[in-house]
Amino acid sequence: MRICYLADARPIRGPHLAGWAKYFAEKGNEIHIISFKPAQIENITIHCIDPYDIVKPETLFMPLPFKIRKAKKIIREIEPDILHGWDLGGSGFCAACVGFHPLVLTAYGWDVLFFPERFVAGKWILNFASGRADAIASISSYLARELKRYAPAGTRMEVVPW
């Protein structure tokens, strides 16, 4: 199986991503990560989009169309069996915009608990991303309950604790 993650692959931002990627690679899957920042994970193919982009909260969406277009191109080249976006407010939203299915998103905490209140379009973004996902993994029951406030009715959610 070919699995593609759309996520920040830097160790400081995604230590869990490295664990998941290595786990599935050891099971014989081909793993690709599309990251918006440069990173390295042993035995994992990482495709970096725009390594010189510095995103600040006030300019969060400025480079978004560029990133989505580049991610679509890479996904077409990879031809994954599944796309997995990590966090609904950033990489997960980009994954939802790409339009690839099956799409799984993972909710972490900040994206559901803080993002909707800190950004004007935050609630809309969570609704949009969760509405395009075939399934959403949440790291806790509490987080899944909170996400239901923003997700369309009937959104499939599973709790996957660390």
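In this text the structure is predicted, and so the values were computed from the model without any measurement. (Residues numbered from 1 in each chain as written. Predicted model: local features only at pLDDT ≥ 70, side-chain atom pairs only at ≥ 80, totals over all residues. Heavy atoms only, no water.)

(A) Spotlight on the pattern of salt bridges. The full count for this structure, using the stated rule, is 5 salt bridges. Measuring nitrogen to oxygen at the nearest pair gives 2.6 Å for the salt bridge that ties D8 to R10. Looking at D8, the relative accessible area reads 18%, which means it is buried. Since its relative accessible area comes to 27%, R10 is described here as partly exposed. Between E146 and R149 there is a salt bridge, with its nearest N and O atoms 2.6 Å apart. Judged by its relative accessible area of 17%, E146 falls in the buried class. (Salt bridge = Lys/Arg side-chain N within 4 Å of Asp/Glu carboxyl O. Buried < 20%, exposed > 50% of the residue type's maximum accessible area, 1.4 Å probe, protein only.)

(B) Focus on unusual backbone geometry. Omega for the peptide link from H101 to P102 comes to 5°, which places this bond in the cis form. Tracing the sequence through the fold places P102 in the loop between α3 (87-98) and β5 (103-107). At N43, a residue that is not glycine, the phi angle is positive and equals roughly 65°. With respect to the secondary-structure elements, N43 resides in the loop between β2 (30-35) and β3 (45-48). Since its relative accessible area comes to 71%, N43 is described here as exposed. Phi is positive for E79, which is not a glycine, with a value near 55°. Topologically, E79 is positioned in the loop between α2 (64-78) and β4 (82-86). (Helix = DSSP H or I, 4+ residues; strand = E, 2+ residues; numbered from the N terminus.)

(C) Just the side chain of D87, in detail. Position of D87 among the secondary structure elements: in helix α3. What makes D87 buried here is its relative accessible area of 10%. D87 has contacts with G92, F93, T106, Y108, W110 and D111, leaving out every residue within four places of it along the chain. (Contact = heavy atoms within 4.5 Å.)

(D) Broad picture of the environment of E146. Along the chain, the position of E146 falls in helix α7 (residues 141-147). Placed 37 residues apart in sequence, E146 and G109 show a C-alpha to C-alpha distance of 9.5 Å. Apart from the residues lying within four places of it in its own chain, the contact partners of E146 are V112 and L113. In this structure the side chain of E146 is engaged in a polar contact, spanning 2.6 Å, whose partner is the side chain of R149. (Polar contact = N/O pair within 3.5 Å; in protein donor to acceptor, adjacent residues only side chain to side chain.)

(E) View of α2. For α2, spanning 15 residues, the distance from its first C-alpha to its last is 21 Å, which sits close to the expected 21 Å at 1.5 Å a residue. Within the span of α2, buried status applies to L64, K67, I68, A71, I74, I75 and I78. Across the axial projection of α2, the buried residues extend over an arc of 130°, all falling on one side. For α2, exposure combined with an orientation more than 90 degrees from the buried face picks out P65, R69, R76 and E77. Where α2 is buried, its residues contact β1 (2-6), β2, β3, β4 and α3. Following α2 by one or two positions, E79 adopts a phi angle in the positive range, close to 55°. (Expected span 1.5 Å × (residues − 1). Arc of directions from axis to C-beta.)

(F) View of the packing of α3 against helix α6 (residues 122-132). It is at 9 Å that the axes of α3 and α6 come closest, and there the two elements cross at 50°. One way to sum up the angle between α3 and α6 is to call them oblique. The way α3 lies across α6 gives a crossing that is left-handed. Only W124, I125, L126, F128, A129, S130 and R132 of α6 make contact with α3, whose side of the interface consists of L88, G89, G92, F93, A96 and C97. Among the residues making up the contact of α3 with α6, the classes are represented as 9 nonpolar, 3 polar and 1 charged. (Axes fitted to C-alpha atoms, helices over the stretch in contact; angles between N-to-C directions. Parallel < 35°, antiparallel > 145°, perpendicular 65-115°, else oblique. Left-handed = near helix turned anticlockwise from the far one by under 90°. Nonpolar A, V, L, I, M, F, W, Y, C, P; charged D, E, K, R; others polar.)

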